[in-house]
Structure formats: C-alpha cells, structure tokens
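Results of the structural survey
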Amino acid sequence: VIDNGQPEHAIVTTCAYCGVGCSFRAEMKGEQVIRMVPNKDGKANHGHSCVKGRFAFGYATHKDRITKPMIRASIKDAWREVSWDEAISYAASEMKRIQAQYGKDAIGGITSSRCTNEEAYLVQKLIRAGFGNNNVDTCARVCHSPTGYGLKQTFGESSGTQDFDSVMKADVIMVIGANPTDGHPVFGSFMKKRLRQGAKLIVVDPREIDLVKTPHVQASYHLKLRPSTNVALINALAHVVVTENLTDDAFAAERCDVASYNKWKSFIADPKHAPETTEAITGVPAAQIREAARLYAKAGNGAIYYGLGVTEHSQGSTMVIGIANLAMATGNLGRDGVGVNPLRGQNNVQGSCDMGSFPHEYPGYRHVGNPETNQLFEQAWNAELSLNPGLRIPNMFDSAMDKTFMGLYVEGEDIAQSDPDIQHVHAALRSMECVIVQDLFLNETAKFAHVFLPGASFLEKSGTFTNAERRISPVRKVMTPLAGYQDWEITQLLSNAMGYPMNYSHPSEIMAEIASLTPTFAGVSYEKIDELGSIQWPCNEESPEGTPIMHVEEFMRDNGKGLFMLTDYVATQERVTPMFPLILTTGRILSQYNVGAQTRRTENNQWHSEDRLEIHPHDAEDRGLNSGDWVGIKSRAGETVLRALVSDRVQPGVVYTTFHFPESGANVITTDNSDWATNCPEYKVTAVQVTKVNQT
Ligand code: SF4
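Residues numbered from 1 in each chain as written. Predicted model: local features only at pLDDT ≥ 70, side-chain atom pairs only at ≥ 80, totals over all residues.

1. Considering the overall build of the chain
What the chain contains, in helices and strands, is 24 helices and 26 strands. Its C-alpha atoms give the chain principal-axis dimensions of roughly 70 × 65 × 60 Å. Counting all 696 residues of the chain, 59% fall into the buried class. (Helix = DSSP H or I, 4+ residues; strand = E, 2+ residues; numbered from the N terminus. Buried ≥ 20, exposed ≤ 12 C-beta atoms within 10 Å, placed from the backbone.)

2. Quick word on helix α10 (residues 258-269)
In this model, α10 (twelve residues) spans 16 Å end to end at C-alpha, consistent with the 16 Å of a helix rising 1.5 Å per residue. On its buried face, α10 sits against α8 (230-243), α9 (249-255) and α14 (316-329). (Expected span 1.5 Å × (residues − 1). Contact = placed C-beta atoms within 7 Å.)

3. Here's the deal with the nonpolar core
Core analysis: the biggest nonpolar cluster contains 94 residues, and Ile173, Ile202, Leu237 and Ile323 have the highest contact counts within it. Of the residues that make up this core, three or more belong to each of domain 1 (9-61) and domain 3 (145-342). Ignoring anything within four residues of it in the chain, the contact list for Ile202 reads Val172, Met174, Ala219, Ser220, Tyr221, Leu223, Ala292, Leu295 and Tyr296. Counting residues in each nonpolar core, the second largest holds 73 residues, with Phe397, Val435, Ala449 and Phe452 among its members. (Core = buried A, V, L, I, M, F, W, Y, C linked by C-beta atoms within 7 Å. Domains from an automatic or database assignment.)

4. Side note on the pairing of strand β19 (residues 471-475)
Most of β19 is tucked away, with five of its five residues classed as buried. The side-chain alternation of β19 yields two buried faces, one formed by Arg471, Ser473 and Val475 and the other by Ile472 and Pro474. Where strand β18 (residues 463-466) meets β19, four bridges bridge the pair, whose relative direction is antiparallel. Counterpart to Thr466 in the pairing with β19 is Ile472. Linkage of β18 to β19, two consecutive antiparallel strands, is achieved through a turn of four residues, within which Arg470 is found at a positive phi near 65°. Examined bridge by bridge, β19 and strand β20 (residues 535-536) share two bridges and lie antiparallel to one another. Directly across from Arg471, in β20, lies its bridge partner Gln536. (Pairing = 2+ DSSP bridges.)

5. A few points about the domain arrangement of the chain
According to the domain assignment, the chain contains domain 1 (9-61), domain 2 (70-75 + 84-142 + 347-457 + 483-526), domain 3 (145-342) and domain 4 (582-692). Listed by partner, the interface residues are seven residues for domain 1 and five residues for domain 2.

6. Notes on the sheet that holds strand β2 (residues 23-29)
Reading across the sheet, the three strands line up as β1-β2-β3 and stay open at both edges, with antiparallel pairing between neighbours. Here the strands that pair on one side only, and so sit at the sheet edges, are β1 (9-14) and β3 (32-38). Each adjacent strand pair in this sheet contributes to an overall mean axis angle of 30°, direction not counted. Examined bridge by bridge, β2 and β3 share six bridges and lie antiparallel to one another. Note on β3: the bridge partner recorded for Arg25 is Val37. (Axes fitted to C-alpha atoms, helices over the stretch in contact; angles between N-to-C directions.)

7. Details of the site of the ligand
What surrounds the ligand is a group of 14 residues, the closest being Cys15, Cys18, Cys22, Cys50 and Gly53. Counting only elements with at least two residues in the shell around the ligand, the list comes to α1 (51-55) and α6 (185-196). By residue class, the composition of the shell around the ligand is eight nonpolar, five polar and one charged. (Near = placed C-beta within 6 Å. Nonpolar A, V, L, I, M, F, W, Y, C, P; charged D, E, K, R; others polar.)

8. Details of unusual backbone geometry
In this model, Trp537 is joined to Pro538 through a cis peptide bond whose omega is 0°. Note that Pro538 resides in the loop between β20 and β21 (582-587). Its identity is not glycine, yet Arg470 carries a phi of approximately 65°, on the positive side. In this structure, Arg470 sits in the loop between β18 and β19.

9. What to know about the environment of Tyr362
With respect to the helices and strands, Tyr362 occurs in strand β13 (residues 361-362). Between the C-alpha atoms of Tyr362 and Thr373, which are eleven residues apart in sequence, the distance is 8.2 Å. Not counting residues up to four positions away in its chain, the partners in contact with Tyr362 are Gly356, Val368, Thr373 and Phe377.

10. A word on the sheet that holds β21
Taking strand neighbours around the barrel as the criterion, the six strands line up as β21-β25-β22-β24-β23-β26 in a closed arrangement whose pairing is mixed. Recorded for the sheet is a direction-independent mean angle of 45° between the axes of neighbouring strands. Inspection of the sheet shows strand β23 (residues 630-634) paired to strand β24 (residues 639-646) by five bridges, in the antiparallel sense. Bridge pairing in β24 links Gly632 to Val641.

11. Here's the deal with the packing of helix α17 (residues 393-401) against helix α19 (residues 422-431)
In contact at an axis separation of 8 Å, α17 and α19 are set at 55° when each is read in the N-to-C sense. Here α17 lies oblique to α19, going by the angle between them. The way α17 lies across α19 gives a crossing that is left-handed. For the pair formed by α17 and α19, the contact residues are Phe397, Ala400 and Met401 on the first element and His424, Val425, Ala427, Ala428 and Ser431 on the second. A per-class count over the contact of α17 with α19 returns six nonpolar, two polar and no charged. (Parallel < 35°, antiparallel > 145°, perpendicular 65-115°, else oblique. Left-handed = near helix turned anticlockwise from the far one by under 90°.)

12. Topic: the environment of Arg141
Relative to the helices and strands, Arg141 resides in the loop between β7 (136-138) and α4 (145-155). Classification of Arg141 by C-beta neighbours within 10 Å gives buried; the count is 26. When the C-alpha positions of Arg141 and Ile393 are compared, they lie 7.4 Å apart, and in sequence the two are 252 residues distant. Not counting the four nearest positions on each side in its chain, Arg141 is found in contact with Arg392, Ile393, Asn679 and Cys680.

13. Details of the pairing of β2
One ladder, built from six bridges, connects β1 with β2; its direction is antiparallel. Residue pairing for β2: His9 is matched across the bridge by Met28.

14. Here we look at the environment of Asp619
Among the structural elements, Asp619 can be located in helix α23 (residues 617-622). Taking the number of C-beta atoms within 10 Å as the measure of exposure, Asp619 has 20 and is therefore buried. Counting along the chain gives 104 residues from Asp619 to Ala515, while the straight-line C-alpha distance between them is 55 Å. Those residues in contact with Asp619, other than ones at most four positions away along the chain, are Leu582 and Pro652.

Have a look at this one:
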C-alpha cells in the first residue's frame, strides 16, 4: 500500500486504533492512501503519532477483506455469496422467525468501540425500536464498564475529567494499572515530557512498565502490588491521607456531599485500612505506601491516570470509586493539572458508551426505566420502547445456553476471541439459530455465523469518534467502501427489512438527531466540528465550544455535589492453589492492537510476531525454563501453549502475556469471574500452572 510518490490530495481524518484519537492527514493518490501524516493542528496529538496510526493502515485493502455478503443455513455448511438484498432479507426473516418462535426478547445485538458514534447510535436504535427490546451491549462491557459505573456514581458523569493537555500542569502523576507508552503512546510521550520537566511519578502496577525506568523519568515510587489487591491499596493510600490530615476539607465542604464525606472519613480511618495492615494483602511495603500517599496529597496538582489494570477485576467498579474518593478528598479535581482520567483502550470506547450501547441506558447515560426518558425517545423514534433493561453480553451467552436467546447481530466485535472463558462463549454462539456478523474479515466469531455482512474500514466511512478526553473528532471517507456500503447504511438496510423504517442519507443527519436528544451533545454538529476541528462534550448552550475540563464549578450529579462511597476490599474468588500456583495477568504491546485483526495484517507484525509469557527468573528456574522454551499454561477454565520470556519485570508468583494472537488463546484460560457491578471480566487475575512442554 505504501508508495513514496507525491500525493494528489489529502483528507483529515482520525486514527482508528487507541483512545488517544490522533488526527491524521490521509495523503492520497486517487483512492489510494500513500501515507498517513500526523496532523499538526490535531488537538489530541499536536502533530505526533505512533507506529500503529502512522504505518498500520494497510489492513484496509488486505486480501483477506470480505467484499461480498454471504449466508449459510448451518455453521457446518460452506458460505454462499449472495446479493446485498438476499443477505439482508435472509437476516431479517431469520430474526423475525426467532422472535415469533421464542419471543420478542430472544434476539439482540452487540456494537463495538471500533464503530463511529453514528453507527453505534443506529445499532442501539435498531435494537430498541426495531427489535423491541433493550438487548444491546458493547465491548466496553469487557473493558471500561466499571469506569462508566464508578464515575457516574461519584462525579455524575461517565467520563474522564481532563483534556490531555492538562497533564502538562501536573506536579505529581499517579499511573494505576495502565501502560501509556505501549497502550496510549502519544499521550504517553506527553506524560514523559512533563516528567522530564520535573513532575513526580507514582506507578501502581504488578509489573514494571516502561515508565518506571525510562531515562530521565524514573518513578519516585513503583507500588508493585499483587494482582487483585487494588482496592486494599487505594484504601491504604486514602487512610494515610485522612489520618495524617492531608485532606482538603475546604474542597470537600464546598464541592461534595458532606454527609458522605464524613462517613467515608470514619470508614477509611479504621486501622484495618492502614498500610501496615494491608501490606500482607498487597505485598507493598507500608513505608512506600505512606510516602507515595504523602507525595500525591501534598502535590500542588495531583493527577491520576488509570487503565484496564483498574477495571478488569472483580472489584473494578469499587476501585474506580476508590480513585474518585482519593481525588475528591485531596481536592484534585476541577482545574488544570489534576483529575481522574481513564485511558480508554479503543478509539471509540467513550463514544460507544455515550451513544447508549448499554442495555440499561439510552444515549447520554439515561436509564431506560425512567418514564420521562422513555417517553422522549418513544416520541422521537415513533416506536414503543421497553422500560426493562436488556441483557448484558454474558447474560446473552447464558440465555443462549437456556435456549431463550437465539439471534445475535454483532457489528465490529470479535466476541469469539476477545471475551473471557471462551469455551462458554463458543458453546453459546453454537446454540444460537441466527448469528449475523458485520465485519471486515472472517473473524473467529464468523465461524459461528449464518450471515456475514461485509463492513467498511475507517478509511471508507464518514462519522465521528470520541476519544478518552471526550473529544469528538471527524472520521472522513477517503475511499469508496470495498463492499459497497458504510456500516451505518448496512444497519439501516437491516432495520428497514425488519420493518422499522430508517431513512438517513448522511451521518450528519444521525448526529443532528443525537444532538436533539442528548443534552451533553446539544451543541454538536458537523458544521461546528468542521469549524473547530473537534469538540469535547459537554457541548451545549452553556459551553458552545465544548468542555476541556469537567466539574469546574460543580459536579454533574443532580445536586451538583461529589459523592463519597465506601470501598470495602473483598478478595477475589480466584485463588492460587498448589495446582494453580501463579497469577496470570495480561497487557498490550506498542506495535500490535488488541486481538490483532488489523495490525497482524500489516508490516507492524515484524516487530512483535507472537505473544510470549513473561515469567520471573525464580519461577522459571523452579520449572527448568529458559527464554524461548515452550510452556503449557493451564487454569481451571482451559489450557494453551506459549513461548516463555524470562524477565524480572514481573514479580515472583506472577506471569504476564499480551493477547494479540488468536493462536495464543489467552482467553482460553481466563475465567468467568467478573466485576460485581458491571460484569466486566476479571481478565487481569487468573490462577495458572506453567510447565515446560515439547513443541515443534
Ligand atoms: Fe493511533 Fe493511538 Fe497511536 Fe495516536 S497513539 S496514532 S490514536 S494508535
């Protein structure tokens, strides 16, 4: 794809990989992208980029792209290429047949953080208005759903509080369960710049991430906790802040719910939360916790950035709340340089959540059971809408096994590879009578599909993505869709065939409808995005040009006050035993992206062509292992084989792998444990045994 010739024209669009949302100029010769050049005017990236956005776009024209719709009566049959008309009509008739046979609630859909806002909005509209139920969910279920829950409860809005530029005013940066230099490289480089200017760094992570020892950056404290003990650690940090009178009581009195603050202070002051008590749980020396807590609390500006190492736990939501409590107690909210900032993994995970892709929420995080909201959408959509929350992704799988959920529409998500306890997922998909997959490639989920609808890459569509700082950026079509349609058009075809009419002629009309129904998007339009380059929501009459920093005057809760909540530490059910003596945790690497469907089909593969299992030298020695040896990894859910990498980046008792290659089967071994509030899987904690195996 890459050609060094001179471009004929360039179109500004947005990277489709991570939640930084870098702006690029796609330089073109006719309809061929010859290079992606980071846009100097991009407000999220200021002309920077990483190896994914810059080089890994060739997947869009890879030979594996499917460009014809296909159907088959059974997953044992071969695929048959058909016309769009036949595919859509077959898909709709099957979904209607299932509803007639098993009931209205027997079908549903899953949208993705890879989709644009407009596409995600249409999928949830199709399901609520066209299918007649709320059985819609998104892949955010398996990553940042605890962020949505925890920040909504405490701050009143399910989003990060700051813009990226805010980090340049931070004096102390606390990074919890995130690896910005690999996962969010451009923002990671901004963070390093601030650290080189003298800001202090606290890293909370079971593994030594690059930031810990980057030259001229070195962390002041690396709290190397045992996986699954996050809540005990955040409580210990808060305990020090409260018992050493490092709280900002004036902030709490003016900005927060005072009764909840007082109750929380008594709770957290209990000696059971003292670092000396929790040291046995977390494995982090009490003195280090005390010093790190003082450093954060005494900072002029203390900023917290966190990732999936916070959310993908059985107490993911509790930990998000614990972080919010700590920031409120120290007054680190509502101005530049502070805040609570989830580093969203996928390009549009924020947007897919904003657009109502959850079974209990309409766009703008409004509960489906609220009669006023229900009425608003019924009138706008001219449809009868259910007041009952629908099924979450894991409930869809469980219901499929009970034969009460039999038809699934999946847009842009490879659930047969990315979801935990994969054998259960496969069994559930196998038991469904109609699985419709809309994607670029015949992915793992397509193995269980009856209808394949070929989708469009980000280069073939128009719309918007919303990044981790709530920035809505334009996605502009630079090539004609290879299969003929953009994804929002395919959803519209399906909706019309299901009997619920949709008649949009451009995504700007969909955004106009979103703005008319969603108060935080009320001032958003394509014209304004074109004029400003991008907009951070909330954007409405009060903030016509958007909102870089939230909760400046008051929190977004109904009474304007931040809410403290109690965060009891509860140990995970996943325990090490003599049979499974090590804890497996997972993460990402710079050159690859998630399950690798895109990056593995580009030259980025040369830098990281297999997943490896990092194991501490002591554990390796016990097992007679050297780097490069094949090892079998077994959990109570399943087993797989990987090559070992002996490394002291992990602590004894902990092993670590990336999950970019389907053959590694990381999710064969992850379990069905999940967050108590949102069912986000506990990907980060799996008890395993590791043994040397012979493999050719
Ligand atoms: Fe794309 Fe993220 Fe890299 Fe930016 S940092 S180029 S958004 S992958």
